Each structure stands twice: as structure tokens, then as C-alpha cells.
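Inside the fold
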Amino acid sequence: MKKVALVTGGAGFIGSHLCERLLQEGFKVICMDNLITGEADNIQHLLKNKDFKFIKHDVTKYIRIRGRVDYILHFASPASPQDYLKHPIHTLKIGALGTYNTLGLAKAKKAKYLLASTSEIYGDPLIHPQKENYYGNVNCIGPRGVYDEAKRFAEAMAMAYHRVHKIDTKIVRIFNTYGPRMRLNDGRVIPNFISQALNHKPLTVYGKGAQTRSFCYITDLIEGIFRLMNSNINEPINLGNPCEFTILELAKLIIKLTHTKSKIIFKPLPEDDPKQRQPDITKAKKILKWQPKVELKEGVKKTIEWFRQY
Ligand code: UDP
């Protein structure tokens, strides 16, 4: 009998890659998405697969599913700063009510549970690189607080269900991830720079571009998530690529790889924009025997090829 996995946010960037991987691994997949930031196009090719089912539903509302569910992977949430600033209340509700509903379903179905959390729970970190035991530096009332606090609440809720109801919960703290199926207009730095470069428009670097991020290619992340899903670990785990770049370095790389005539222009730094971010992945290396393989240059090249088609 095939195992059944429910992926919330399954039509999103990461969710759709996860659905694909689960199908390849022999799962039946129920993909749930309300398509606020997810895209029907991301799962169009999966609809003909008899093991794949799409349900359009908002996870902040009660979730009713008939039959067995063996795994619940809760990936629903706006994840780009532009999106969560546009949907602040919904973002809070997904982290709170969506996590509550999906954990309730996991309890009812005796399913294993995996929560997509984020490096944002570390806020603008004062410890570098970030280890899982760092509590973070979050401005709860700032504009980004809606995402950061929603995910911090979601983690607390998952741990409470684990302790009280003995649910086998897992928490992945996902650092900046990129690749095909990101929305060209999702506002995040890699799609922004690539679309600007391909349209010969100036690349908009916020601040001086001295802030850093560490970018993980989607296939590497999915491999890590799959390993975590099959592990015994219940504590949060960082997944990301530890190679750190400044945003200015990224802009220059994208200009070089796209052979664009675009120049760089500087715009104000958004409020509470983290100054640095780099995952410490010692735990993932040790427990999951995982580490990213795709270098930034290689991954960005593949992403540019994908964006050229649009
Ligand atoms: N950024 C930028 N130009 C853009 C979009 C983003 O300089 O057009 C910067 C942003 O200020 C941040 C970094 O790139 O420092 C990464 O932003 P993104 O929105 O991709 O994700 P974040 O890591 O902030 O959640």
C-alpha cells in the first residue's frame, strides 16, 4: 500500500518540488493550496498522475480529509517579504491557525508531521553563523514580525503537540532557497535581479548591498527535507547552503551570467532587513549526512535558463 502525504502549500515554489519528489518516491500526494501565492502552473504537469490530487483550500479553515494520511508536510505560507507584507494577517493566521489545524489532523490520522520553518526565526542575528540553539533577535512588532512570529509560534505549537500528544513532529529551518518555479515578480532578490537583468533594467540593490545571504539551490533543499522526513529527529534543524555572499556580489554575478547591459542602482534598505545570514549546518551534516552540492554560479545559471522561458 502506498503511503499518503499531504503537502500544504503544495502549489508553491518549494511545495511543488516536494510533491514531485514524493511522487517519485512512491507516495500518493494530496496537494493543498489556496493559490494566494502558489501557482496552478507549478502542479499542472502532476495533475495527470493518478497518485496526485489537488485540493483548493485555505489551511486556516478546518481541514477535512477522508481516508488515511501518513505524513503531513506543512509548507503553506507566503514566504517572500513582499508577499507577507502584502498579506500580514493571513501570514499570521497560516502560521498559527494553519499549524494548529494541520497538527490536529496529524493527531487524528496518527500521521508524521513536518513543519516548514525559516531562518527568519533568528531575526537580525547577533550570532554568526546561526546554530539551531540560537534564540534569535526578532522585532515582534516590526513589518517582518508577522512572518517571524508566525513561524516561531508554529515551532512552539509543533513542539507542544510532540510533547503532549506524542506526534512525531519535525521542524526544518529553511534558509534562502532559489531555483525554477520562483515567481518572477515574487520580490525576492534572485528573481528580482534575474528579471531586471533579462529586461536590461537596473538591478535594485537595497542599502549598500553589504548585507549577506547564503543561497541554497532547490534540489539540495528537497534532498535535505526528504532525509529529515525519514529521520528520528524532532528538534529543529537548519537546512541551507553555508556559502555566504553579499547582495552586491550576487548582483555582479547575475550581471555577468546574463551578459546584460544593466547597471546597479541603490535603493533604501527595508526596515529590519537582516544584516547577515549563514546557516550552521553541522547538525544536518552529522544527523542527516546531508550537505548542499550545487554552487551558486551553477544554480543561478539554471535559474536564469528557466526564467528565460517566461
Ligand atoms: N534585496 C535587494 N534587492 C532586491 C530584493 C532584495 O537588494 O531587489 C535584498 C534584501 O534587502 C535582502 C536580500 O536582498 O537584504 C534578500 O532579500 P529577499 O527578499 O530575497 O529575502 P530575505 O532573505 O530578506 O527574506
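One structure accompanies this document, and this report is about it.

About the criteria used
- Residues numbered from 1 in each chain as written.
- Predicted model: local features only at pLDDT ≥ 70, side-chain atom pairs only at ≥ 80, totals over all residues.
- Heavy atoms only, no water.
- Buried < 20%, exposed > 50% of the residue type's maximum accessible area, 1.4 Å probe, protein only.
- Helix = DSSP H or I, 4+ residues; strand = E, 2+ residues; numbered from the N terminus.
- Pairing = 2+ DSSP bridges.
- Right-handed = clockwise from strand over helix to strand, strands pointing away.
- Near = heavy atom within 4 Å.
- Polar contact = N/O pair within 3.5 Å; in protein donor to acceptor, adjacent residues only side chain to side chain.
- Areas by Shrake-Rupley, 256 points an atom, 1.4 Å probe, with all protein chains shown as cover.
- Nonpolar A, V, L, I, M, F, W, Y, C, P; charged D, E, K, R; others polar.
- Axes fitted to C-alpha atoms, helices over the stretch in contact; angles between N-to-C directions.
- Contact = heavy atoms within 4.5 Å.
- Parallel < 35°, antiparallel > 145°, perpendicular 65-115°, else oblique.
- Left-handed = near helix turned anticlockwise from the far one by under 90°.
- Salt bridge = Lys/Arg side-chain N within 4 Å of Asp/Glu carboxyl O.
- Core = buried A, V, L, I, M, F, W, Y, C linked by side-chain atoms within 4.5 Å.
- Phe/Tyr/Trp six-rings, centres within 6.5 Å; stacked < 30°, edge-to-face > 60°.
- Lys NZ or Arg CZ within 6 Å of the ring centre and 35° of its normal.

**Details of the pairing of strand β6 (residues 169-174)**
Of all six residues in β6, six are buried; the element is thus mostly enclosed. Going residue by residue along β6, you find Thr169, Ile171 and Arg173 tucked away on one face and Lys170, Val172 and Ile174 tucked away on the opposite face as well. Bridging between strand β5 (residues 112-118) and β6 involves six bridges; their strand directions are parallel. Each residue of the ladder has a partner; that of threonine 118, found in β6, is isoleucine 174. Taken together, β5, helix α4 (residues 145-165) and β6 constitute a β-α-β crossover, and its handedness is right-handed. The sheet contact formed by β6 and strand β11 (residues 237-239) spans three bridges and is parallel.

**Thoughts on the site of the ligand**
In the region of the ligand, 18 residues are neighbours, and Thr204, Tyr206, Arg213, Asp273 and Arg277 sit closest. Contact distances for the ligand include 2.8 Å between an oxygen atom and a backbone N or O atom of valine 189. Tyrosine 206 has a polar backbone atom sitting 2.7 Å from an oxygen atom of the ligand. Summarising the interface, the protein chains cover 95% of the accessible area of the ligand, which totals 510 Å² for the free molecule. Across the shell around the ligand, the residue classes break down as seven nonpolar, five polar and six charged.

**Comments concerning the sheet that holds β5**
Strand order in the open sheet formed by seven strands is β3-β2-β1-β4-β5-β6-β11, with parallel pairing between adjacent strands. Of all strands in the sheet, those bounded by a partner on one side alone are β3 (52-56) and β11. Averaged over all pairs of adjacent strands, the angle between their axes in this sheet comes to 20°, without regard to strand direction. Inspection of the sheet shows strand β1 (residues 4-8) paired to strand β4 (residues 71-74) by four bridges, in the parallel sense. When the sheet's bridge partners are listed, threonine 8 is paired in β4 with histidine 74. Sitting on the sheet, helix α3 (residues 88-109) touches β1, β4, β5 and β6, and the angle it makes with β4 is about 175°.

**Considerations on the packing of helix α1 (residues 13-24) against helix α6 (residues 218-229)**
In contact at an axis separation of 10 Å, α1 and α6 are set at 60° when each is read in the N-to-C sense. Classified by the angle between their axes, α1 and α6 sit oblique to one another. As for how α1 packs across α6, the hand of that crossing is right-handed. Each of Phe13, Ile14, His17, Leu18, Arg21 and Leu22 in α1 lies in contact with α6, whose residues at this interface are Ile218, Leu221, Ile222, Glu223, Ile225, Phe226 and Met229. Considering only residue class, the contact of α1 with α6 consists of ten nonpolar, one polar and two charged.

**Here's the deal with the pattern of salt bridges**
Counting across every chain of the model gives 23 salt bridges. The residue glutamate 120 makes a salt bridge to arginine 144 at a minimum N-O spacing of 2.5 Å. Of the two residues, glutamate 120 sits in the loop between β5 and α4 while arginine 144 sits in the loop between β5 and α4, which places them 24 residues apart along the sequence. When its relative accessible area of 9% is taken as the criterion, arginine 144 is described as buried.

**Observations concerning the nonpolar core**
Ile14, Leu22, Leu73 and Phe75 are the most contacted members of the largest nonpolar core, which totals 60 residues. Residues within four places of isoleucine 14 in sequence aside, it is in contact with Phe75, Ile174, Thr177, Ile218, Leu221, Ile222 and Ile225.

**Describing helix α5 (residues 189-198)**
Of all ten residues in α5, eight are buried, a share of seventy percent or more. When we look at burial in α5, the residues that qualify are Ile190, Pro191, Asn192, Phe193, Ile194, Ser195, Gln196 and Ala197. For α5, the secondary structure elements touched by its buried residues are β7 (177-178), β8 (203-206), α7 (247-258) and α9 (296-308). Directly after α5, the chain includes histidine 200, whose backbone phi takes a positive value near 55°.

**What about the pairing of strand β2 (residues 28-33)?**
Of all six residues that make up β2, five are buried, and the element is covered over most of its length. The pairing of β1 with β2 spans five bridges and is classified as parallel. Its bridge partner lying in β2, valine 4 is registered against lysine 28. Once the chain exits β1 it traverses α1 before rejoining the sheet at β2, and the crossover so formed is right-handed.

**Examining the packing of aromatic side chains**
Throughout the structure, instances matching the rule amount to seven aromatic pairs. On the numbers, 6.0 Å between centres and 15° between planes, the contact of tyrosine 122 with tyrosine 134 is stacked. Of this pair, tyrosine 122 sits in the loop between β5 and α4 while tyrosine 134 is found in the loop between β5 and α4, placing the two residues twelve residues apart along the sequence. With respect to burial, tyrosine 122 and tyrosine 134 carry one shared label: buried. Centroid distance tyrosine 122 to phenylalanine 175: 6.1 Å. Interplanar angle 40°. Geometry classified as tilted. A residue pair is termed long-range when its members are at least 10 positions apart, and tyrosine 122 in the loop between β5 and α4 and phenylalanine 175 in the loop between β6 and β7 qualify at 53 residues. By the burial criterion, tyrosine 122 is buried, and phenylalanine 175 matches it. Taken together, Tyr122, Tyr134 and Phe175 form an aromatic cluster joined through their ring pairs. Lying over the aromatic face of phenylalanine 226, arginine 21 brings its terminal NZ or CZ to 4.6 Å of the ring centre.

Note that every value here comes from positions in space, so none of it alone points to a role or purpose.
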